[in-house]
Amino acid sequence: MPDKDPNTYSALTMLAFAGTAIWGGLVTHIQHIRRHNKRFVLREALMQTVVSGFAGMLAVLLCSYLSAPAPMAGFFAGTAGFMGTRALTLFERKFAKFLD
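Cut-off values and rules
- Residues numbered from 1 in each chain as written.
- Predicted model: local features only at pLDDT ≥ 70, side-chain atom pairs only at ≥ 80, totals over all residues.
- Heavy atoms only, no water.
- Helix = DSSP H or I, 4+ residues; strand = E, 2+ residues; numbered from the N terminus.
- Buried < 20%, exposed > 50% of the residue type's maximum accessible area, 1.4 Å probe, protein only.
- Contact = heavy atoms within 4.5 Å.
- Areas by Shrake-Rupley, 256 points an atom, 1.4 Å probe, with all protein chains shown as cover.
- Lys, Arg positive; Asp, Glu negative; His and termini not counted.
- Charge placed at Lys NZ, Arg CZ, Asp CG, Glu CD.
- Axes fitted to C-alpha atoms, helices over the stretch in contact; angles between N-to-C directions.
- Parallel < 35°, antiparallel > 145°, perpendicular 65-115°, else oblique.
- Left-handed = near helix turned anticlockwise from the far one by under 90°.
- Nonpolar A, V, L, I, M, F, W, Y, C, P; charged D, E, K, R; others polar.
- Core = buried A, V, L, I, M, F, W, Y, C linked by side-chain atoms within 4.5 Å.
- Expected span 1.5 Å × (residues − 1).
- Arc of directions from axis to C-beta.

A.B. asks: Could you give an account of the overall build of the protein, naming the residues involved and the relevant values?
C.D. replies: On a plain count of helices and strands, the protein comes out with four helices and zero strands. Secondary structure elements of the protein occur, N-terminal to C-terminal, as α-α-α-α. Principal-axis analysis of the C-alpha atoms gives the protein an extent of 50 × 35 × 20 Å. For the protein, with 100 residues in total, the buried portion stands at 27%. A separation of at least 24 residues holds for 70% of the contacts in the protein among residues at least 6 apart in sequence. For the protein, the exposed surface amounts to about 7300 Å²; the carbon and sulfur share of it is 68%. Averaging the coordinates of the 10 positive side-chain charges in the protein and doing the same for the 5 negative ones gives two points 15 Å apart.

Now the structure itself:
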């Protein structure tokens, strides 16, 4: 069974990773609105969480491929979620070098 394989993360663990990535995105958004003295706009926060969730889950997939332990994958999910588009740019550059 795939859920008993020690080399894969459980569905609950993946959900926690997604939550960590989204949380990182919300932290970034809150820091941005405080730094630039803006007001909270739900639509902008949702857009940030979507990007952050995507970046975080890409980091988790990479960690899964590298057989990283779950705490490390959670750390990278949160960090990539906090980085958001910067993480996606970094992933894009590394992938482009890989293809060349």
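A.B. asks: Kindly report on the packing of helix α2 (residues 42-65) against helix α3 (residues 70-83), identifying the contributing residues and their values.
C.D. replies: Here α2 crosses α3 at 150°, and the two axes come no closer than 7 Å. It follows that α2 is roughly antiparallel to α3 by the angle criterion. For α2 against α3, the interelement crossing comes out right-handed. Here Ser52, Ala55, Gly56, Ala59, Val60 and Cys63 of α2 lie close against α3, whose contacting residues are Ala73, Phe76, Ala77, Ala80 and Gly81. Looking at side-chain class alone, the contact of α2 with α3 contains eight nonpolar, three polar and no charged residues.

A.B. asks: Before we move on, could you go through the nonpolar core and cite the residues and values that matter?
C.D. replies: Soluble globular proteins: nonpolar side chains tend toward being buried together. Tyr9, Phe17, Val60, Cys63, Ala68, Ala73 and Ala77 together form the largest nonpolar core, which totals seven residues. Of all the secondary structure elements, the ones that give two or more residues to this core are α2 and α3. Setting aside its immediate chain neighbours within four residues, alanine 68 contacts Tyr9 and Cys63.

A.B. asks: Outline the environment of alanine 80, supporting the account with residue identities and numerical values.
C.D. replies: Its location among the elements puts alanine 80 in helix α3. Accessibility expressed as a relative area gives 4% for alanine 80, which makes it buried. It is 9.9 Å that separates the C-alpha atoms of alanine 80 and valine 51, two residues lying 29 residues apart in sequence. Once residues within four sequence positions are removed from consideration, alanine 80 is found in contact with Ala55, Gly56, Ala59, Ala87 and Phe91.

A.B. asks: Outline α3, supporting the account with residue identities and numerical values.
C.D. replies: Taking 1.5 Å as the rise per residue, α3 with 14 residues should run 20 Å; its terminal C-alpha atoms sit 20 Å apart, in good agreement. Every buried residue of α3 is listed here: Ala73, Gly74, Ala77, Gly78, Ala80 and Gly81. Here the buried residues of α3 occupy an arc of 165° about the axis, which is enough to place them on one side. Residues of α3 that are exposed and angled more than 90 degrees away from the buried face: Pro71 and Phe75. Buried positions along α3 lie against α1 (11-35), α2 and α4 (85-99). Count one or two residues on from α3 and you reach glycine 84, which has phi positive near 60°.

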